[in-house]
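Chains, contacts and geometry: an overview
Next come the chains, spelled out residue by residue.
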Amino acid sequence: MSQSPVVIQVEGVAKSFGAVRALDGVDLAIATHECVGLIGHNGAGKSTLMHVLAGTLTPDKAAIQVNGDAQPGYGIELAHKLGIRCVFQELSLCPNLTVAENARILHPALRGFGWRRRAGALIKAKLDEVFPGHGLSADAVVSDLAIGQRQMIEIARAFTVTSEPLRLVILDEPTSSLDGHTAAQLFAFIRRSVEAGLSCILISHLLGEILGTSDRVVVMRDGRVVTSGPTASFDRNKLVAAMGGAEAHSGAVTAATPSTGLVRVRIRPKRQPDGRELVAREGEVIGLAGLAGHGQTDLLLAVFDAAGQLKSGQAEVTEPVALVAGDRQSDGVFPLWSIAENIGVGSLKNLRRGLLISEAAEDELAAQWQKRINIRTPDMRHSILSLSGGNQQKALFARALGSDARIVLMDDPMRGVDIGTKLDVYDLVRGEARAGRTFLWYTTEMDELSYCDRVYVFRNGVIAADLMRSEVSEDSVIGASFAEVG
Amino acid sequence: MSVQSQVAPTSIGMSRLHDGRRLLRAVLPALSLALIILAIWALNPRAISYFGLTLMLSLAVPVALATVGQMMVMAVNDLDLSIGSFVGLVGCVTATWLRDEPLIGVLILVGLVLAYMLVGAMIHLRNLPSIVVTLGMFFVWQGLAILVLPKPGGHAPDWLHGLMAVKTPLVPFPIVAALVIGIVAYVGLMRTSYGVILRGAGGNPVAVSRAGWSLLRGKMIMFGLAGFCGVLAGMALIGLTTSADANLANGYTLLSIAGVILGGGEFVGGRVSPIGAVIGALTLTLAGSLLNFMHISPDWQVAGQGAILIVVLAARTLINRAGVSA
């Protein structure tokens, strides 16, 4: 590996946002024919480093070399010219444009007569190559597509080539909205591309993806690289230890007896052909599994809508509900509000003193939750956007759990959250469930199903299987997700 | 294999559903225009003739131009409240300087377009709300117009008056002009490769700037185009009225916004339709004539136009909702 030429090399990268040191002297070199897995907690500085490499963020201090040449004025344009691309964690497609038009945005060379046809052919060919059988059309408008399909397009777009070379593709949590099948297609494609001479940086919180795909692992913590080495020399526990997180505990829940508590939620999916229904009782954690986008979110929203109505057709929901959104940018945070206000908005009735909202009560609620789930900020009155993604998600959990809702709906809330935060939240969920709260938890991560008392597997908008905890296994869930009806 | 065979049918079914909904939304502006024409025809069949349409639609040309200008600004998530008094100012300049000292007149008009670009640059660089800035500019333009022409008067240049009175064969001139305006705007904004960047800047500005494009340039171009359309609108208006007044076109601000919305555009997200915007402008112009034929006093015409807007928006919402629940 050391004899391969170096594509990009950075030394001493430093970047501060106000008082927060996001990067504190990072050295990194990426060779050709190399896929580097980059891991670390939220706030470790991975995303900041990626923005520096992609040229979208100017570091306070850095020496950047591409192909051995120093690049003093490194920025977006130079990065593009030198063939460095990035698939950002938050999707960066224009929803009002078609797939082909989005491809055009990345390629200044797609212009002149017939550009639309060429752009369409370019993105279509790459989609066919990366995700065979994707079923997407180049003329589709992006806002009509599901989030997983958008992610496929964004990934394929990053690998398209016109006039500029392609040397390094940075993938920041590329599988956060992909199901297992498309993720596997992506990793196979990454391996093929790396064999062919491309370089990749893969950032993922799913350690299995890193271990299975990368040649070398780089671990970051507190704005520095703490460990790096060939992937073969690491295993899951070693990686977790290097990140400074808790030891990975594998579904450390004692076997529970079937709950006999009061029924809190009873709902039948709209198009359920048989009599199957989802039942959640007091103190239960109910998992919703299956391939991404197969009706789990719709069901959660149906429960949310049914709450407050005593008996509404297909659904029966007896207690107030709160929803923890998965897409925190669009459905979760109020970006102009402080952390405390973002938490307090779920409990406005309890924070009211007379006609007004008591700031003291809001602060008290916020301080209590900051302590309970360890939101990392010097002041809860700071803007919610000053938090890293994982800590924003913690604030959303605090909003739901701090309210008086007895039923909590979770719409795949752990997307792109570091393992330390996850373990904190898992403990919290178990604790709250023991105290009598009911959780409906849609998740795309197999590990999380082991925290559930009962799992419903969804396929094409209906319940395909309903598994007790003892029956939940990777095989049984995948089997139910993929099997043909009948 | 089983995955592909399952995913493919649902996504195709979904896209077909979306296509149907999009088609319905796309024809909605044309449908509302057809309904208005039909209603006029029912009340007064003779109005739907070469002469009648020329008369009823003559004012549609400046309105359509102002609407397309407004659409440029709305495509990048801004709103131009100043277009009305700007058209009035252009009218005053056209009826005085452009007629008496054509060179100075042209320079003034070019300067006005540049001023529009600077307003766009300021809104982008200082991250100011466009509503506030353009509301301020509304009064600036109006003040300048009063300085240029303190009391109603002036004369349209003869060539301009002649141009607006052209009699095209078979199809009335305003319809030909509206078609040309719509097609030019459509090709420029929807079909060219740079038009994609401009619309993308409305849809997801961060993504567009990350791909290496200048948002400042995009915004300046869009505001410049809006200014250019405003200049054309003002000149067309004076060509029709032959004399100017500082307050001649103040109503164009709301009329142009209504036209864009009526034509299927939206306030944010870069979703605009040039053809729709022109149809929207025609619809609003004809609505005035329809209300005349119904013997409704001109005092109520603005309310009538508002009612049409509400009906069309309600229909659009219904279509969207049907799409969601299907």
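Remember, it's a predicted structure, so these values are computed and weren't measured experimentally. (Residues numbered from 1 in each chain as written. Chains lettered and ligands numbered in written order. Predicted model: local features only at pLDDT ≥ 70, side-chain atom pairs only at ≥ 80, totals over all residues. Heavy atoms only, no water.)

What about the overall build of chain B?
Regarding its fold elements, chain B presents 15 helices and zero strands. Its C-alpha atoms give chain B a radius of gyration of 21 Å, within 12% of the compact-globule value 20 Å for 326 residues. Its C-alpha atoms give chain B principal-axis dimensions of roughly 75 × 55 × 35 Å. Within the span of chain B, comprising 326 residues, buried residues form 50% of the whole. (Helix = DSSP H or I, 4+ residues; strand = E, 2+ residues; numbered from the N terminus. Rg over C-alpha atoms; globule rule 2.2 N^0.38 Å. Buried < 20%, exposed > 50% of the residue type's maximum accessible area, 1.4 Å probe, protein only.)

Comments concerning the nonpolar core
If you look at the biggest cluster of nonpolar residues, it comprises 103 residues, and the most contacted ones within it are Ile105, Phe159 and Leu171 of chain A. For this core, the element with the highest residue contribution is helix α15 (residues 419-434) of chain A, accounting for seven residues. Aside from chain neighbours lying at most four places away, what touches Ile105 of chain A is Cys94, Leu97 and Arg157 of chain A together with Val196, Ile197, Gly200, Val208, Ala211 and Trp213 of chain B. Judged by nonpolar contacts, the second largest core, of 88 residues, contains Ala47, Val87, Val93 and Leu286 of chain B. (Core = buried A, V, L, I, M, F, W, Y, C linked by side-chain atoms within 4.5 Å. Contact = heavy atoms within 4.5 Å.)

Let's talk about unusual backbone geometry
Of note in this structure, Asp222 of chain A is not a glycine but carries a positive phi near 50°. Here Asp222 of chain A lies in the loop between β9 (216-221) and β10 (224-230). The phi angle at Leu170 of chain B is positive, at roughly 65°, despite the residue not being glycine. Structurally, the position occupied by Leu170 of chain B is in the loop between α8 (158-164) and α9 (173-191).

Focus on the side chain of Thr231 of chain A
Following the sequence through the fold, Thr231 of chain A ends up in the loop between β10 and α8 (236-243). Contacts of Thr231 of chain A, omitting those with residues within four sequence positions, involve Ile210, Leu211, Ser214, Asp215, Arg216 and Val217 of chain A.

Some details on the sheet that holds strand β8 (residues 199-203) of chain A
Residues and elements named next belong to chain A. Spatially, the six strands line up as an open sheet ordered β6-β7-β8-β3-β9-β10, and their pairing is mixed. Sheet topology places β6 (84-87) and β10 at the edges, where each strand pairs with a single neighbour. Direction aside, the axes of adjacent strands within the sheet are offset by 15° on average. In the sheet, β6 pairs with strand β7 (residues 168-172) via four bridges, with the strands oriented parallel. Residue pairing for β7: Val87 is matched across the bridge by Leu171. (Pairing = 2+ DSSP bridges. Axes fitted to C-alpha atoms, helices over the stretch in contact; angles between N-to-C directions.)

Description of the interface of chain A and chain B
Of the residues lining the interface, 39 residues belong to chain A; the matching set on chain B comes to 32 residues. At the boundary of chain A with chain B, total buried surface from both sides reaches about 2900 Å², with 51% on carbon and sulfur atoms. Taken together, chain A and chain B are joined by one salt bridge. Our count for the contact surface shared by chain A and chain B stands at eleven residue pairs in polar contact (both at pLDDT 80 or more). Going through the elements one at a time, α2 (76-81), α3 (99-106), α4 (115-130) and α17 (474-482) of chain A are the ones with two or more residues in the side of chain A that touches chain B. (Buried area = accessible area lost by both parts, 1.4 Å probe. Salt bridge = Lys/Arg side-chain N within 4 Å of Asp/Glu carboxyl O. Polar contact = N/O pair within 3.5 Å; in protein donor to acceptor, adjacent residues only side chain to side chain.)

Considering the packing of helix α4 (residues 83-95) of chain B against helix α13 (residues 252-262) of chain B
Residue and element names in this part refer to chain B. Relative to each other, α4 and α13 sit at 120°, their axes nearing to 6 Å. Classified by the interaxial angle, the pair formed by α4 and α13 is oblique. In this structure, α4 contributes Ile83, Gly84 and Val87 to the contact, and α13 contributes Tyr252, Thr253 and Ser256. Here the residues of the contact of α4 with α13 sort into three nonpolar, three polar and no charged. (Parallel < 35°, antiparallel > 145°, perpendicular 65-115°, else oblique. Nonpolar A, V, L, I, M, F, W, Y, C, P; charged D, E, K, R; others polar.)

Some remarks on the pairing of strand β13 (residues 285-290) of chain A
Residues and elements named next belong to chain A. Among the six residues of β13, six are classified as buried, and the element is accordingly described as predominantly covered. Both faces of β13 are covered, namely the face carrying Val285, Gly287 and Ala289 and the face carrying Ile286, Leu288 and Gly290. Pairing between β13 and strand β19 (residues 438-442): four bridges, direction parallel. Looking at the pairing, Ile286 lines up with Leu440 of β19.

Structural notes on the environment of Asn204 of chain B
Mapped onto the elements of the fold, Asn204 of chain B is located in the loop between α10 (193-203) and α11 (205-210). A polar contact is formed between the side chain of Asn204 of chain B and the backbone oxygen of Leu93 of chain A, at a distance of 2.9 Å.

What to know about the confidence of the model for chain B
Mean pLDDT for chain B: 90, with 93% of residues reaching 70 or above. Taken together, the chains of this predicted complex give a pTM of 0.75 and an interface ipTM of 0.88. (pLDDT = per-residue confidence, 0-100.)

Considering helix α13 (residues 359-373) of chain A
Every α-helix winds through 3.6 residues per turn, so residues three or four apart in the chain are directed the same way. All names here are of chain A. Across its 15 residues, α13 extends 21 Å between first and last C-alpha, which sits within 8% of the 21 Å expected from 1.5 Å per residue. Of the residues making up α13, those classed as buried are Ala361, Glu362, Leu365, Ala366, Trp369 and Ile373. Buried residues of α13, viewed axially, fall in a sector of 130°; they line one side. Exposed and facing more than 90 degrees away from the buried side of α13 are Glu359, Ala360, Glu364 and Lys371. Where α13 is buried, its residues contact α11 (339-344), α12 (348-351), β16 (352-353), β17 (356-357), α14 (389-402) and α15. Backbone geometry just downstream of α13 places Asn374 in the positive-phi region, at approximately 60°. (Expected span 1.5 Å × (residues − 1). Arc of directions from axis to C-beta.)

Concerning the packing of aromatic side chains
All chains considered together, the criterion is met by nine aromatic pairs over all chains. Relative to Trp337 of chain A, the ring of Phe334 of chain A has its centre 4.3 Å away and its plane inclined at 20°; by these criteria the two rings are stacked. According to the relative accessible area criterion, Phe334 of chain A is partly exposed, its value standing at 33%. Since its relative accessible area comes to 34%, Trp337 of chain A is described here as partly exposed. Centre to centre, the rings of Tyr426 of chain A and Tyr451 of chain A are 4.3 Å apart; their planes meet at 35°, and the pair counts as tilted. On the criterion of sequence distance, the pair formed by Tyr426 of chain A in helix α15 and Tyr451 of chain A in the loop between α16 (446-449) and β20 (454-459) is long-range, its members being 25 residues apart. Overall, Tyr426 of chain A belongs to the buried group, its relative accessible area being 6%. Overall, Tyr451 of chain A belongs to the buried group, its relative accessible area being 5%. Taken together, the ring pairs in this structure connect Tyr426, Trp441 and Tyr451 of chain A into an aromatic cluster. When the ring centre of Phe88 of chain A is taken as origin, the NZ or CZ atom of Arg210 of chain B, which lies over that ring, is 3.8 Å away. (Phe/Tyr/Trp six-rings, centres within 6.5 Å; stacked < 30°, edge-to-face > 60°. Lys NZ or Arg CZ within 6 Å of the ring centre and 35° of its normal.)

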